[in-house]
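# Observations on chain architecture
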Amino acid sequence: MVNLKLKLARVEKGLSQQDLADLVGATRQTIGLIEKGRYNPSLNLCMKIAKALDRTLNDLFWDDEE
Amino acid sequence: MDERNKQIALKVIAMMYFFTFISLLGIMFYKQFTLGKTVADFEAVAMLVTVNAIFLISALLFFGALPIRRLKFKNIIVLYIVFVLMGSIFTYVKYNIVQKANLSVEQLAGKLFIIFTLTALLMGFWMLFSYLGKRKIEKELNE
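Residues numbered from 1 in each chain as written. Chains lettered and ligands numbered in written order. Predicted model: local features only at pLDDT ≥ 70, side-chain atom pairs only at ≥ 80, totals over all residues. Heavy atoms only, no water.

## Overview of the interface of chain B and chain A
- Taken together, the contact pairs 5 residues of chain B with 10 residues of chain A.
- For the pair chain B and chain A, the summed buried surface comes to about 570 Å²; carbon and sulfur atoms form 44% of the total.
- Ranking the residues of chain B by area buried against chain A places D2(B), E3(B) and R4(B) at the top, with a combined share of 87%.
- Where chain B meets chain A, there are 0 salt bridges.
- Taken together, the residues of the side of chain B that touches chain A break down into no nonpolar, 2 polar and 3 charged. (Contact = heavy atoms within 4.5 Å. Buried area = accessible area lost by both parts, 1.4 Å probe. Salt bridge = Lys/Arg side-chain N within 4 Å of Asp/Glu carboxyl O. Nonpolar A, V, L, I, M, F, W, Y, C, P; charged D, E, K, R; others polar.)

## Describing the layout of surface pockets
Residue and element names in this part refer to chain B.
- A volume near 1400 Å³ is recorded for the largest pocket.
- Forming the boundary of the largest pocket are 33 residues, of which T50, G87, F90, L118 and L122 lie nearest the centre.
- If you list the elements that add at least two residues to the lining of the largest pocket, you get α1 (3-34), α2 (43-62), α3 (73-98) and α4 (105-142).
- Residues of the lining of the largest pocket, tallied by class, amount to 25 nonpolar, 5 polar and 3 charged.
- Of the domains in this structure, domain 1 (1-67) and domain 2 (69-143) are the two that each give at least three residues to the lining of the largest pocket.
- In this structure, the second largest pocket encloses a volume near 630 Å³.
- Every residue lining the second largest pocket is counted, 19 residues in all, and those nearest its centre are I68, R69, L71, M127 and S130.
- When contributions to the lining of the second largest pocket are tallied by element, the ones reaching two or more residues are α2, α3 and α4. (1 Å grid on protein atoms, 1.4 Å probe; cavity = no way out; pocket = protein on both sides within 12 Å on 5 of 7 lines; lining within 4 Å. Points joined across faces, edges and corners; volume = space filled by probe spheres on them. Helix = DSSP H or I, 4+ residues; strand = E, 2+ residues; numbered from the N terminus. Domains from an automatic or database assignment.)

## Notes on the packing of aromatic side chains
Residue and element names in this part refer to chain B.
- Here the structure, examined in full by the defined rule, presents 8 aromatic pairs over all chains.
- Here the aromatic rings of F62 and F129 are separated by 6.3 Å at their centres, their planes lie at 85 degrees, and the arrangement is edge-to-face. Of this pair, F62 sits in helix α2 while F129 sits in helix α4; the two residues are 67 residues apart in sequence, bridging distant segments of the chain.
- Here the aromatic cluster, defined as three or more aromatic residues joined through ring pairs, consists of F55, F62, F63, F125 and F129. (Phe/Tyr/Trp six-rings, centres within 6.5 Å; stacked < 30°, edge-to-face > 60°.)

## Here we look at the nonpolar core
- Grouped together as the largest cluster of nonpolar side chains are 16 residues, with contacts concentrated most on L6(A), L20(A), V24(A), I31(A), I49(A), L53(A) and L60(A).
- Mapped by element, the contributors of at least two residues to this core are α1 (4-12), α2 (17-24), α3 (28-36) and α4 (43-52) of chain A.
- For this core, the element with the highest residue contribution is α4(A), accounting for 4 residues.
- The contacts of I49(A), once residues within four sequence positions are left out, are L6(A), L20(A), V24(A), I31(A), I34(A), L60(A) and F61(A).
- Ranked by size, the runner-up nonpolar core spans 6 residues in total, among them F21(B), L24(B), M28(B) and V49(B). (Core = buried A, V, L, I, M, F, W, Y, C linked by side-chain atoms within 4.5 Å. Buried < 20%, exposed > 50% of the residue type's maximum accessible area, 1.4 Å probe, protein only.)

Dropping the structure here:
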């Protein structure tokens, strides 16, 4: 499932995929795949991303529709 | 290299290891059963496969890849008998059916003694690694 919340939060913060990747110690491809819903990140990486974007895990990764 | 790269690398390495192992087994069986070579002709491959398999299971047990449960004495005995039976059937098929060596009952009994001993040693070895792995995890949990 495409993670639009993550993409929106990143764009709102004015970061490119590469910028976010550098902040959390991942590759641009990994960030891209997470946004496309093609890769399930570890909790550790989720927390790093949430901190880098000043959001909570719920804001970025919780699916409200379920 | 991030966590995704590491995951992919580990998967590829595991797959390549699996294919290498299966290929070595294939070479061994081909030499033994199709070409009819003696063990001396492929001793190095046989040794490599055996040591690899033994240490692979030991490592899986030690690092917690296989669930470790306390077994009842009765279950250990049943497991031992199953291993001995499997070893005996393989030995019988190998010598008396495939190689047509027609071993006598005494000769088969001699082989059975080796199977009994090796199975006990192997099970003891794996139980030791299971115990050490369990102790390692318990130690980490108590830290």
